[in-house]
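# Results of the structural survey
The primary structure of each chain is shown beneath.
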Amino acid sequence: MDTKHTNQLSREEAFELLPWHVNGSLSDELNQQVIAHLEVCPELRAEAALLASTVFATNADEPKYGQVDESFKALMNRIDADERQEELSKTPDRPWRQWLSGLVPTSRWSQAFSAAMLVVLGLAVGLVLQPVSVIDPVPVNPAEDPYRVLAGVKEPLILSLQFSDDVDEMFVKGLVASVVNEYRVEQKSQRRYLVFLPKKTDAGEITALLKTLNNNAQVQRIEIVADSTEADK
Amino acid sequence: MGKQVAAGSNRQSAAERDDDRQLMALVVHKDRTAFEQLYKRYYHRVFQFAYRMVKDHGVVEEIVDDTMFAVWKSAASFQGKSAVSTWIFGIAYRRALKTLEKGRKHQAMSGDNEQIYAEPDMHPTADPAAAAQARDLHRQLQQGIDHLSSDHKAVMMLTGMGYSYGEISEIVDCPENTVKTRMFHALKYLKNHLSDSALGALSNPEQKNLWTQNTPIS
């Protein structure tokens, strides 16, 4: 049925407005137009029945309200606390705060403090646990005087050897054994080995060993380290 | 569409809307007495809306508190383009959405999703069979509403509370046509959710007389 002649609202428009006809929020004029459609359209009436039941269902479940006075008091306490906080944030900064704020934004102070404490703790732990090394690792250049670089080294002498390719322990032992009789080899990786020489090792043997190592194409770097802890670095 | 819904039709008279505006004007200047009046005007309405959105008494008071705290803090930003009521409900709606978002995470972790539905009061003289059918319809509708998305549920709840679609569009911050579309889809979902017998109850001419009260719009 075409209701356009008697009604400004189309049926579809009336259908759309039905929820607000049911909840009573339509203007009188629109309401009358929706009612006119309802009178002639059973489908619209069925929809209105569903809406009425739905609105009833949405409203049926009443909450257990709190105490309005108590709730208001609690809110005012929160507002007071918030305003006190705002007042505090408005008070002029002390000079050290201003200086610090220039370095680190105030919002990051707690993170910066934590980071600073970690650094201090790290330094303290580092100081306590730091291994006592005799010298720093010294690269060896046998073309120079090997005794010069050995001058500060206390016994036992430990050489750190870095190879350009993967080598096995037997290979390293072969190199060392060709010059010195007493030694110990420790593998750190496929390309890194430590050679421990006892205190009694002759200086001439050491020089010869360094030359032998230096002449080997696979030996990439030779370092003298003070002790095994240092060698682990 | 060009056809306008009467303004301020959520059972709030023009005089009440004016009172709200006057109170807000005072709240902007941090008048605590005016704020208390405004609080007491809206406490139950916001509480009711929040409860119907989240269905959890444990968090409703918090939503009301947060909403009214925001009203106090941002009163100066109220420009008076909308009614005070829709402005406050807009805040409450956003708070409720946030709570629901948090709740979904909590629910997913705890698996706590059981809902107890209120039984409607029937007219004492109602036919027992028809009353049972009506109760079933009511329960199915409540279950269906609970399964709606937050956006659809909000439109449904606000309509139930008597707001016009124009006001709802301001509260949920979307175009009026979107409000109508959401309502259309919400109803479509509910119809699909209802059993044949529940749909049959809708066509029972006695059905609308079974309830002890008519639609109790806040």
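Nothing here was measured: the structure is a model prediction, and the numbers come from that model. The residue count restarts for each chain, going from 1 along the sequence in the order it is written. Ligands are numbered from 1 and chains lettered from A, in the order in which they are written. The model is predicted, so local features are restricted to residues of pLDDT at least 70 and side-chain atom pairs to those at 80 or more, both for listing and for counting; the totals for chains, interfaces and linings are taken over all residues.

The helix and strand labels rest on DSSP assignments: H or I over at least four residues marks a helix, E over at least two residues marks a strand, and numbering proceeds from the N terminus. Secondary structure assignment for chain B yields 9 helices and 0 strands. If you list the helices and strands of chain B from N to C, you get α-α-α-α-α-α-α-α-α. Using C-beta atoms placed from the backbone, we call a residue buried if 20 or more other C-beta atoms fall within 10 Å of its own, exposed if 12 or fewer do, and partly exposed for counts in between. When burial is assessed residue by residue, chain B has 39% of its 218 residues classed as buried. The long-range share in chain B, meaning contacts at least 24 apart out of those at least 6 apart in sequence, stands at 71%. By the convention adopted here, residues are in contact when the distance between their C-beta atoms, placed from the backbone, does not exceed 7 Å.

Relative orientation and spacing of two packed helices are given, respectively, by the angle between their axes and the distance between those axes. Residues and elements named next belong to chain A. With axes taken as lines fitted to C-alpha atoms, and helix axes fitted only over the stretch in contact, angles between N-to-C directions fall between 0 and 180 degrees. Their axes nearest at 9 Å, the elements helix α1 (residues 11-22) and helix α3 (residues 42-60) cross at an angle of 35 degrees. Where α1 crosses over α3, the two elements pack in a sense that is right-handed. Contacts between α1 and α3 involve Ala14, Phe15, Leu18, Pro19 and Val22 on the former and, on the latter, Leu44, Glu47, Ala48, Leu51, Ala52 and Val55. Three classes are used: nonpolar for Ala, Val, Leu, Ile, Met, Phe, Trp, Tyr, Cys and Pro, charged for Asp, Glu, Lys and Arg, and polar for all others, with Gly counted as polar. Residues of the contact of α1 with α3, tallied by class, amount to 10 nonpolar, no polar and 1 charged. Definitions for this section: a left-handed crossing has its near helix turned counterclockwise from the far helix by less than a right angle. A right-handed crossing has that turn clockwise.

Residues Val46, Ala50, Ala92 and Val155 of chain B are the most contacted members of the largest nonpolar core, which totals 71 residues. The biggest single contributor to this core is helix α2 (residues 32-54) of chain B, with 12 residues. With residues up to four places along the chain from it excluded, the contact list for Val155 of chain B reads Ile168, Val172, Val179, Arg182, Met183 and Ala186 of chain B. In this description, a nonpolar core means buried residues of the types Ala, Val, Leu, Ile, Met, Phe, Trp, Tyr and Cys, linked to one another by C-beta atoms lying within 7 Å. Ranked by size, the runner-up nonpolar core spans 17 residues in total, among them Ile158, Val172, Val176 and Leu197 of chain A.

All right, on to the interface of chain A and chain B then. In this complex, chain A contributes 34 residues to the contact, which on the side of chain B involves 50 residues. Mapped onto the side of chain A that touches chain B, the elements with two or more residues apiece are α1, α3 and α4 (68-90) of chain A. Ranked by the residues each element gives to the side of chain A that touches chain B, the list is headed by α3 of chain A, at 12 residues.

Mapped onto the elements of the fold, Glu182 of chain A is located in the loop between α8 (169-177) and β3 (184-189). When the 12 C-beta atoms within 10 Å are taken as the criterion, Glu182 of chain A is described as exposed.

At a closest axis distance of 10 Å, the pairing of α4 of chain A and helix α3 (residues 57-73) of chain B adopts a crossing angle of 50 degrees. Between α4 of chain A and α3 of chain B, the angle is such that the two are oblique. For the pair α4 of chain A and α3 of chain B, the sense of crossing is right-handed. For the pair formed by α4 of chain A and α3 of chain B, the contact residues are Ser71, Ala74, Leu75, Arg78 and Ile79 of chain A on the first element and Glu61, Val64, Asp65, Met68, Phe69 and Trp72 of chain B on the second. The residue inventory of the contact of α4 of chain A with α3 of chain B, partitioned by class, reads 7 nonpolar, 1 polar and 3 charged. Reported orientations rely on four angle classes, namely roughly parallel under 35 degrees, roughly antiparallel over 145, roughly perpendicular from 65 to 115, and oblique for the rest.

It should be kept in mind that the predicted coordinates are not to be read in detail where pLDDT is low. Residue and element names in this part refer to chain B. On average, chain B scores 80 in pLDDT, and the residues at 70 or more come to 77%. One confidence number per residue, pLDDT, is output by the predictor and ranges from 0 to 100. The low-confidence segment residues 208-218 (pLDDT under 50) makes 31 contacts with residues lying over four places distant or belonging to another chain. In the model output, the complex is listed with pTM 0.61 alongside ipTM 0.78.

Let's shift gears to the confidence of the model for chain A. All names here are of chain A. Of all residues in chain A, 79% attain a pLDDT of 70 or more, and the chain-wide mean is 79. Low pLDDT (under 50) marks residues 1-5, which in the prediction has 6 contacts with non-local residues, meaning those over four places away or in another chain. Segment residues 144-149 is flagged for pLDDT under 50; beyond a separation of four residues in sequence, or across chains, it makes 8 contacts in the model.

On to α3 of chain B, then. Given the number of residues in a helix, its expected span is that number minus one, multiplied by 1.5 Å. Look at α3 of chain B: 25 Å from first C-alpha to last across 17 residues, which is about the 24 Å you get at 1.5 Å a residue. When we look at burial in α3 of chain B, the residues that qualify are Val59, Val60, Ile63, Val64, Asp66, Thr67, Met68 and Val71 of chain B.

Once that is clear, we can look at the pairing of strand β2 (residues 157-163) of chain A. Residues and elements named next belong to chain A. The pairing criterion for strands is at least two bridges between them, as found by DSSP. Bridge analysis of β2 against strand β4 (residues 192-197) gives 6 bridges, and the strand direction is antiparallel. If you follow Gln162 over to β4, its bridge partner there is Arg192. In this sheet, strand β5 (residues 219-225) lies alongside β2 in antiparallel orientation, the contact comprising 6 bridges. For Gln162, the partnering residue across the bridge sits in β5 and is Arg221.

Attention now moves to unusual backbone geometry. Generally, phi is negative for residues other than glycine and the peptide bonds are trans, each holding for most cases. All names here are of chain B. The backbone of Lys55 shows a phi angle near 50 degrees, a positive value even though the residue is not glycine. Positionally, Lys55 belongs in the loop between α2 and α3. The class of Lys55 is partly exposed, set by 19 C-beta atoms lying within 10 Å. Residues other than glycine seldom take positive phi values, yet Asp173 does so here, at roughly 60 degrees.

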